[in-house]
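The primary structure of each chain is shown beneath.
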Amino acid sequence: MTEQTPDNYPNLADSDLVGEVWPIAQPGEDPVLYGHVDFEPKGKFPVRSYQTFRLTYTVGRYGLDDTGAIRVSFRIHGDAGGLQTSSPTEPNYVTAETDTGVPLNVEYIRRAAGTRPRWKTLTVRVTGGCLREGDKIAIVFGDTSGGSPGMKMQTFVESAMEFKVSADVCAVGQFVPIPGTPSVSIIPDVPAVWHAVLPSLRRPGERFHFGLKAEDAWGNPSHLTEGRVSFETTLRVDGLPETFDYPKGKRAVTFENLSVSEEGTLRITVKDESGAELARSHPLVIRAGQYSGYWGDLHGQSGESIGVTTAREYFTFARDCAFLDVTSHQANDFQVNNAFWAHLNDLTAEYHEDNRFVTFPGYEWSGNTAVGGDRNVFFRNEGRQIRRSSHALLTDRSDLDTDAQNANILFDVLKDEDCVIYAHVGGRYADIAYAHDPTQETAMEIHSAWGSFEWLLTDGFPLGHRSGVVCNSDGHKGRPGASYPGAGGFGAYGGLTCFLTEDLTRDGIFDCLKRRHHYGTTGTRLHLDVRAQFPDGAVLFDQDPNAFPDTATSEVSEAMMGDIVKSDAKSVTLRLEASTQAPIERIEVRNGAQVIKTLRGFSDNDLGERIRVIWSGAEYRGRGRETNWTGRVKFEGANLNRLERINAWNPERKFEQQGTDTVVFNSVTTGNFGGFDAWFDEIEPGGNLDIATNLGTLQVPLADIGLEDTIMDAGGLERQIRAFRLPEVNPHRDITAEVEIPLDATRDNPLWVCVTTEDGFQAWSSPVFVFSE
């Protein structure tokens, strides 16, 4: 058993890995000349608590000229309360004064014209005078003297939330960093939700680990968890104790070297001393076979680029708090200098452990969409040359000749490298029509903290692309594998990928990626098996024959997800199996972009007095894709007795029941979906559903809402509101089915499924690609 404690993390303020080692800005200048900073109080403060801090700047030998200023900068992806100077009674009120009476102007800008990642700036400017050496400016963040509760802290844990100070002492518009950047430690709050984490597929007797943690309301594993818990299992687990005393101070606990000898589905229920249920695990299918399932989040960043925490903290969290099997670090290339690239390679070599925790050296190629858009590059081994899209934020330009300025050049310069590439949608979405190389680009990332993007995969179908499905977090908050969006600009929980491979090694994962034997989820873990059956036989290609004409072939009667097969059959039977943590709402079976059949574990006869309302979609494909929803849903003639929110990741957004028949909400989607379930005591004859939102309205008799979706189109990019009815209780967590799918002999037939569970998670299989010519 291993444990994750707050003390396992280095203090960023004391670390050698503070940003100036791989500079984003200039190093701090001489404090004698430019001044210095004092800060109080220092220490550790819970997420989302209200605090008051006093920052004192002492003027240096140069003085501070009239209209000169000091600036306090914060990271753009920090989600502490937005500072304000106009309302002394409201949160995040800031004041500033000099000890000499010289007047000051105070201005907060959420996105100033500075250098990323510190775009949030508070500028304190001298007006009508000047300051001399030894004079002081005192800034109070969260000034409570007028009734403000203080400054609201961010939603995520960080060992050093920085107040980065710089000064324009000569009033020339050039802000010079002041040394000794003050910082505070942000720590978890009290536990709110327990999580019991299992893998999804193992063979009898094969070792696995089981993770246990309790997160606070914002998704941070809490060190304040404690108490005796017991475990109830559906199968006997060798190595798992019956009870466990969870010690206070541990953020997460991992039970290592467990095994199950018999076939079946393992589910673990965690209970407290009173017998109350704390958590149910994900399902773990124990089955003899060629492959096991290993879970990874290969795409995220840390504080050396645009995220938070250090790269070392990033890898530690992935292994010990998210219980991942596989990870990588993906910093924006134009912020990765050679020293940081070497450091990342050292970290992946250090953390890598065959059959326990696989790491890959890699980076994000961050070219603009106009030249191909974001790509993820993963090397099998350390020590390879980074090929950047540009040196936009790098001062050392001695290796400009190694850049790959567009995605086609990237594919060309990496053609002899032992690497794989993903396309993804981040700030710069990938244009796979502009550039795609099937010999290297094996997968499309269709979900991340940025949202859900099925179109990135389906755009490739008419182009003849044969790519697999992956999902990752693209997290910026230091929590790979368990990446909550917080209260900032991200709208979705981060994704995960399950790799189906013979062993947990770099070679095993790379072989899996090259064969597309994987599936992605929006953050849950589930078992998914999809196979196409060919009773008259089919030809299986070892690699994509469009890219590798001489690839090996074999005769098969069955193909798994990701396989490429040739068959003259008029139709194929797709066999699928899904085992999930939450009940299954639906499974869509698809051929390309077309839904062939929708599967459910229930029928019209099982429907009850429960209605689900879902809003989804985005503005458009680019950086400003976020859609804000505000609305009111009224169930006229019905008595609402229970409400459950779906994908309501920000508890501070308004989302509540009003009266006996109305729900009001304020939500955000970025291609993903949110919503709620409503249960009713009764529905009177003639009752109506009345939905009014900022993006449209929908009125329909409640009696007309049934199994199939009632849809309101809301424009934008697949924006819509849906309403449909569900059973009052849905027990179906396991579905096995066979679906006959007609094949089109004139094109590829990408056969895949999308699973949606009642708790709002989704999963997509990599397609089986079937063609005849």
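Check the entry above for the structure.
Residues numbered from 1 in each chain as written. Predicted model: local features only at pLDDT ≥ 70, side-chain atom pairs only at ≥ 80, totals over all residues. Heavy atoms only, no water.

Caption draft 1: Summary view of the overall build of the protein. Each helix and strand in the protein was counted, giving six helices and 54 strands. Here the C-alpha radius of gyration of the protein, 27 Å, is about what a compact globule of 773 residues would show, namely 28 Å. Scored against the burial criterion, the 773 residues of the protein give a buried share of 61%. Sequence separation of at least 24 residues holds for 74% of the intrachain contacts in the protein that already meet a minimum separation of 6. If you sum the accessible surface of the protein, you get close to 28000 Å²; carbon and sulfur atoms cover 44% of it. One finds the centroid of the 73 positive side-chain charges in the protein at a distance of 2 Å from the centroid of its 110 negative side-chain charges. (Helix = DSSP H or I, 4+ residues; strand = E, 2+ residues; numbered from the N terminus. Rg over C-alpha atoms; globule rule 2.2 N^0.38 Å. Buried < 20%, exposed > 50% of the residue type's maximum accessible area, 1.4 Å probe, protein only. Contact = heavy atoms within 4.5 Å. Areas by Shrake-Rupley, 256 points an atom, 1.4 Å probe, with all protein chains shown as cover. Lys, Arg positive; Asp, Glu negative; His and termini not counted. Charge placed at Lys NZ, Arg CZ, Asp CG, Glu CD.)

Caption draft 2: Structural view of the packing of aromatic side chains. The final tally for this structure, using the stated rule, is 40 aromatic pairs. An angle of 65 degrees between the planes, with centres 5.7 Å apart, marks the rings of Phe-53 and Phe-163 as edge-to-face. A residue pair is termed long-range when its members are at least 10 positions apart, and Phe-53 in strand 5 (residues 53-58) and Phe-163 in the loop between strand 12 (158-162) and strand 13 (164-168) qualify at 110 residues. As far as the burial class goes, Phe-53 and Phe-163 line up, both buried. Ring centres of Trp-649 and Phe-761 lie 6.3 Å apart, and the angle between their planes is 55 degrees; on these two criteria the pair is classed as tilted. Note that Trp-649 is positioned in the loop between strand 44 (627-646) and strand 45 (655-658) and Phe-761 in the loop between strand 52 (749-757) and strand 53 (762-765), a separation of 112 residues in sequence. Members of the aromatic cluster, joined through ring pairs, are Phe-39, Phe-45, Phe-53, Phe-74, Phe-141 and Phe-163. Above the ring of Phe-771, the side-chain terminus of Arg-466 is found at 4.7 Å from the ring centroid. (Phe/Tyr/Trp six-rings, centres within 6.5 Å; stacked < 30°, edge-to-face > 60°. Lys NZ or Arg CZ within 6 Å of the ring centre and 35° of its normal.)

Caption draft 3: View of the side chain of Ser-667. Relative to the helices and strands, Ser-667 resides in strand 46 (residues 662-669). At 3.0 Å, the side chain of Ser-667 forms a polar contact with the side chain of Trp-615. When near neighbours in sequence (up to four residues on either side) are disregarded, Ser-667 contacts Trp-615, Thr-627, Asn-628, Trp-629 and Arg-653. (Polar contact = N/O pair within 3.5 Å; in protein donor to acceptor, adjacent residues only side chain to side chain.)

Caption draft 4: The arrangement of the sheet that holds strand 8 (residues 104-109) in detail. With antiparallel pairing, the five strands of this open sheet are ordered in space as 8-9-6-13-14. The sheet is open, and its two borders are formed by strand 8 and strand 14 (176-177), each paired with just one other strand. Where strand 13 lies against strand 14, two bridges are found, and the strand directions are antiparallel. Residue pairing in the sheet places Ala-167 in a bridge with Val-176 of strand 14. (Pairing = 2+ DSSP bridges.)

Caption draft 5: Structural context of the environment of Leu-344. By the secondary structure assignment, Leu-344 is in helix 3 (residues 338-351). Exposure remark for Leu-344: the relative accessible area of 4% places this residue in the buried category. Sequence separation between Leu-344 and Gln-330 is 14 residues, and the spatial gap between their C-alpha atoms is 9.7 Å. Dropping the residues within four chain positions of it, Leu-344 is found in contact with Ala-311 and His-329.

Caption draft 6: Region of interest: helix 6 (residues 506-515). Here helix 6 has its buried residues at Arg-506, Gly-508, Ile-509, Phe-510, Cys-512 and Leu-513. Note on helix 6: the residue one or two positions beyond its end, Arg-516, has a positive phi of about 65 degrees.

Caption draft 7: Focus on the pairing of strand 41 (residues 584-591). Most of strand 41 sits inside the fold, with eight of its eight residues counted as buried. Pairing of strand 41 with strand 52 involves seven bridges; the strand directions are antiparallel. Its bridge partner being in strand 52, Val-589 is matched across the sheet by Val-753. Note that strand 41 and strand 42 (residues 594-599) share five bridges and pair antiparallel. Counterpart to Val-589 in the pairing with strand 42 is Lys-597. In this structure, the hairpin formed by strand 41 and strand 42 is closed by a connection of two residues, where Gly-592 is found at a positive phi of approximately 65 degrees.

Caption draft 8: Spatial organisation of the packing of helix 2 (residues 311-320) against helix 3. Packing of helix 2 against helix 3 leaves a shortest axis separation of 10 Å and a crossing angle of 25 degrees. In terms of orientation, helix 2 and helix 3 fall into the roughly parallel class. Classified by chirality, the crossing of helix 3 by helix 2 is right-handed. For the pair helix 2 and helix 3, the contacting residues are Ala-311, Arg-312, Phe-315, Thr-316 and Arg-319 in the first and Phe-340, Leu-344, Leu-347, Thr-348, Glu-350 and Tyr-351 in the second. Its residues assigned to classes, the contact of helix 2 with helix 3 comprises six nonpolar, two polar and three charged. (Axes fitted to C-alpha atoms, helices over the stretch in contact; angles between N-to-C directions. Parallel < 35°, antiparallel > 145°, perpendicular 65-115°, else oblique. Left-handed = near helix turned anticlockwise from the far one by under 90°. Nonpolar A, V, L, I, M, F, W, Y, C, P; charged D, E, K, R; others polar.)

Caption draft 9: A look at empty space enclosed by the protein. Under the definition given, this model contains five cavities of 30 Å³ or more. Space inside the largest cavity adds up to approximately 190 Å³. Lining the largest cavity are 18 residues, and of these Phe-74, Arg-75, Gly-78, Gln-154 and Met-161 lie nearest its centre. For the lining of the largest cavity, the element with the most residues is strand 12, which contributes four residues. The class makeup of the residues in the lining of the largest cavity is nine nonpolar, four polar and five charged. Of the volumes computed, that of the second largest cavity is approximately 80 Å³. Looking at side-chain class alone, the lining of the second largest cavity contains five nonpolar, seven polar and no charged residues. (1 Å grid on protein atoms, 1.4 Å probe; cavity = no way out; pocket = protein on both sides within 12 Å on 5 of 7 lines; lining within 4 Å. Points joined across faces, edges and corners; volume = space filled by probe spheres on them.)

Caption draft 10: Structural detail: helix 3. Taking 1.5 Å of rise per residue, the 14 residues of helix 3 would be expected to cover 20 Å, and the 20 Å separating its terminal C-alpha atoms lies within 8% of that figure. Along helix 3, the positions that sit buried rather than exposed are Phe-340, Trp-341, His-343, Leu-344, Asn-345, Leu-347, Thr-348 and Tyr-351. Against the buried residues of helix 3 lie helix 2, strand 28 (358-360), strand 29 (362-365), strand 30 (375-379) and helix 6. (Expected span 1.5 Å × (residues − 1).)

Caption draft 11: Looking closely at the environment of Gly-289. Position of Gly-289 relative to the elements: it lies in the loop between strand 25 (284-286) and strand 26 (292-297). The exposure class of Gly-289 is partly exposed, given its relative accessible area of 43%. Sequence separation of Gly-289 and Asn-345 is 56 residues, and the distance between their C-alpha atoms is 34 Å.

Caption draft 12: How the structure looks around the pairing of strand 9 (residues 120-126). Of all seven residues making up strand 9, six are buried, and the element is well covered by its neighbours. Across six bridges, the pairing between strand 6 (residues 69-74) and strand 9 is antiparallel. Counterpart to Val-72 in the pairing with strand 9 is Leu-122. Pairing geometry for strand 8 and strand 9, over six bridges, is antiparallel. Within the sheet, the bridge partner assigned to Val-106 lies in strand 9 and is Val-124.

Caption draft 13: How the structure looks around the nonpolar core. Core analysis: the biggest nonpolar cluster contains 75 residues, and Leu-528, Ile-587 and Val-753 have the highest contact counts within it. Take this core: its biggest share by element is six residues, from strand 37 (residues 527-541). The residues contacting Ile-587, other than those within four sequence positions of it, are Leu-576, Ala-578, Lys-597, Thr-598, Leu-599, Ile-735, Val-753, Cys-754 and Val-755. The next biggest cluster of nonpolar side chains, apart from the first, holds 39 residues, and it includes Leu-64, Val-72, Val-102 and Trp-218. (Core = buried A, V, L, I, M, F, W, Y, C linked by side-chain atoms within 4.5 Å.)

Caption draft 14: Highlighting the state of the cysteines. Taken as a whole and judged by the stated rule, the model has zero disulfides. The closest cysteine sulfur to the non-disulfide-bonded Cys-419 is located on Cys-512, 16 Å from its own sulfur. Here Cys-471 is not cross-linked by a disulfide; its sulfur's nearest cysteine counterpart is in Cys-754, at 9.7 Å. Judged by relative accessible area, Cys-471 falls into the buried class, the value being 0%. (Disulfide = S-S within 2.5 Å.)

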